[in-house]
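Here is what each chain is made of, one letter per residue.
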Amino acid sequence: MTTTNPNGAIVAARMRVAATPVEERDPEERLDRADLEALQLERLQQTVHHAYANVPLYTARLDAAGVAPADIRTLADVARLPFTTKADLRDTYPFGMFAVPMDQVARIHASSGTTGKPTVVGYTAGDLERWGDLVARSLRAAGIRRGMKVHNAYGYGLFTGGLGAHAGIERLGATVIPMSGGQTARQAQLICDFEPDAILCTPSYLLTIADALEAAGVDPRSTSLKVAVLGAEPWTNEMRRELEERLDIDAVDIYGLSEVMGPGVGSECVETKDGPHIWEDHFLPEIIDSETGAPLPDGEMGELVFTSLTKEAFPVLRYRTRDLTRLLPGSGRTGMRRIEKITGRNDDMIILRGVNLFPTQIEEIALGIADLSPHFVLELTRSGRMDALTVGIEPHPDASAAAAADAADLLRAQVKERIGTSVDVRLIEPGHLPRSEGKLKRVYDLRD
Ligand code: DLL
């Protein structure tokens, strides 16, 4: 059973786990807006001083902009600071933006990046402690408690997902099952044997695991799992509904990025499921116009930008995430603002004959058609000067050939109607598309 909440999110009518009672929340989660903003300002001032004094790139940038750390007198003054981008991390590869001597760096993570050098980030022991606390806060908001078993299928290693989630589970006092990604048949087996209450992985990987359970003759609804904390890639409320119904769980959204910390920059509350609350005591969010860089008011769509407020080894000033969303008032945690569920990144946007399209828009439409599966890829090709997009999609395994063909026609028609562009749809035999083991690659650009 699902219903739609006032924010348009599709939520389960019945929760499988309980919301966090107010008295079990961190004191910061209970701050009112004025006290939170006072804390943010104090921490912002410290961060700007620290970054200016210890990172040559920030010294040079602030000097060039004519801004001194002492000029930051209000939270709005953050807009006087220059932006930081992924290119800055690449240009200072590997450790040029660390703000503490190496003997204070307790851990390094890196993201592979699709092109060129990876981006490298560092943490002091204090940073790792705060990160563990924030992931614990995120998991608590998702309804996970001490005494529960948590199957962690985010990848361990340089990716922040595995080890970041791991520390939070331990910090919460729950039992961690450190699976990492991959070996999917074994994941399914251990879910049956160890009976975890919760699973942490990407939404696309949870689909793969559900398939593996079925392949092993296990009804995915019959496992011990009650809640999944899913993130690291864009996913829609339609995917939430699909996963909740398929596995009889609550599916909760966790957000983060390595440059800003890792998982747990923000997270949803299980009782509202209306977009991640940003843990604003540690990160100051802004929304800007991607084209002009101008700050936008709360409620308007734009690019999400973060300034860290407590990071020691790797402070970031106005880091441009390339994620597109808007800031909304808090709901489950009233003092902290939320972001609308992120369904697109600047980088993922396909411009097809003048129309902007995100892969999640296809996901949303495909999941509304019963005879289609959630497994699809997007292929961009060019013939002459015309770009074309083909949606390669597996029909639902139980659909007849005729039903699958009708479903493909319906997908084509709905994409045209709702997005305003023509695409080709190619049906692919069930089980033949590559399955996710982490972050799923959906778009294949075959244009030369
Ligand atoms: O993906 C950190 C993470 C791990 C978050 C596990 C949540 C769970 P990166 O590899 O640096 O870090 O990728 C960050 O992934 O800028 C978004 O584009 C995307 N992303 C992360 N979480 C979400 C989410 C980790 N909940 C990039 N919804 C971000 C949509 C997300 N996109």
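Presented here is a report on the structure given in the accompanying data block. The shown structure was predicted, so the numbers you read here are calculated from the model rather than taken from an experiment.

**As for the site of the ligand**
- Neighbouring residues of the ligand: 20 residues in total, closest Asp253, Ile254, Ser258, Asp323 and Arg345.
- Pro234 is positioned with one of its backbone polar atoms (N or O) 3.5 Å from a nitrogen atom of the ligand.
- In this structure, Asp323 approaches the ligand through a side-chain N or O atom, which is 2.6 Å from an oxygen atom.
- Compared with its free state, where it exposes 610 Å², the ligand has 94% of that area covered by protein.
- Residue assignment for the shell around the ligand shows that the elements contributing at least two residues are α5 (160-172) and β9 (250-257).
- Counting residues per element, the shell around the ligand draws most heavily on β9, which supplies 5 residues.
- For the shell around the ligand, a count of residues per class yields 9 nonpolar, 5 polar and 6 charged.

**Quick word on the sheet that holds strand β13 (residues 302-308)**
- Within the open sheet, the 4 strands sit side by side as β12-β13-β14-β17. Their pairing is antiparallel. With partners counted over all chains shown, the strands left at the sheet margins are β12 (283-288) and β17 (344-345), one partner each.

**Structural notes on the packing of helix α6 (residues 184-194) against helix α7 (residues 203-215)**
- Where α6 contacts α7, the axes come no closer than 9 Å and their chain directions differ by 75°. Considering their axes alone, α6 and α7 lie roughly perpendicular with respect to each other. On α7, the residues that touch Thr184, Gln187, Ala188, Ile191 and Cys192 of α6 are Tyr205, Thr208, Ile209, Ala212 and Leu213.

**Let's talk about the sheet that holds strand β22 (residues 424-427)**
- Strand order in the open sheet formed by 4 strands is β22-β21-β20-β23, with mixed pairing between adjacent strands. Whereas interior strands pair on both sides, the edge strands pair on one side only; in this sheet they are β22 and β23 (443-445). Averaged over all pairs of adjacent strands, the angle between their axes in this sheet comes to 25°, without regard to strand direction.
- Note: strand β20 (residues 372-383) against β23, 3 bridges, orientation parallel.

**Considering the environment of Lys226**
- Checked against the element boundaries, Lys226 lands in the loop between α7 and β8 (227-231).
- Lys226 sits in the partly exposed class, given a relative accessible area of 28%.
- As a C-alpha pair, Lys226 and Arg73 span 153 residues in sequence and 46 Å in three-dimensional space.
- Excluding residues that lie within four positions of it along the chain, Lys226 makes contacts with Arg16, Val17, Asp197, Ile249 and Asp250.

**Brief notes about the packing of aromatic side chains**
- Within this structure, the stated rule accounts for 5 aromatic pairs.
- Measuring from centroid to centroid gives 5.2 Å for Phe95 and Phe98, while their planes differ by 40°, and the two rings are tilted.
- Look at Phe98 and you get buried, because its relative accessible area is 7%.
- Centre to centre, the rings of Tyr123 and Trp131 are 4.8 Å apart; their planes meet at 10°, and the pair counts as stacked. We note that Tyr123, like Trp131, is buried.
- Of the aromatic side chains, those joined through ring pairs into one cluster are Phe95, Phe98 and Phe314.

What counts, and at which threshold
Residues numbered from 1 in each chain as written. Predicted model: local features only at pLDDT ≥ 70, side-chain atom pairs only at ≥ 80, totals over all residues. Heavy atoms only, no water. Near = heavy atom within 4 Å. Polar contact = N/O pair within 3.5 Å; in protein donor to acceptor, adjacent residues only side chain to side chain. Areas by Shrake-Rupley, 256 points an atom, 1.4 Å probe, with all protein chains shown as cover. Helix = DSSP H or I, 4+ residues; strand = E, 2+ residues; numbered from the N terminus. Nonpolar A, V, L, I, M, F, W, Y, C, P; charged D, E, K, R; others polar. Pairing = 2+ DSSP bridges. Axes fitted to C-alpha atoms, helices over the stretch in contact; angles between N-to-C directions. Parallel < 35°, antiparallel > 145°, perpendicular 65-115°, else oblique. Contact = heavy atoms within 4.5 Å. Buried < 20%, exposed > 50% of the residue type's maximum accessible area, 1.4 Å probe, protein only. Phe/Tyr/Trp six-rings, centres within 6.5 Å; stacked < 30°, edge-to-face > 60°.

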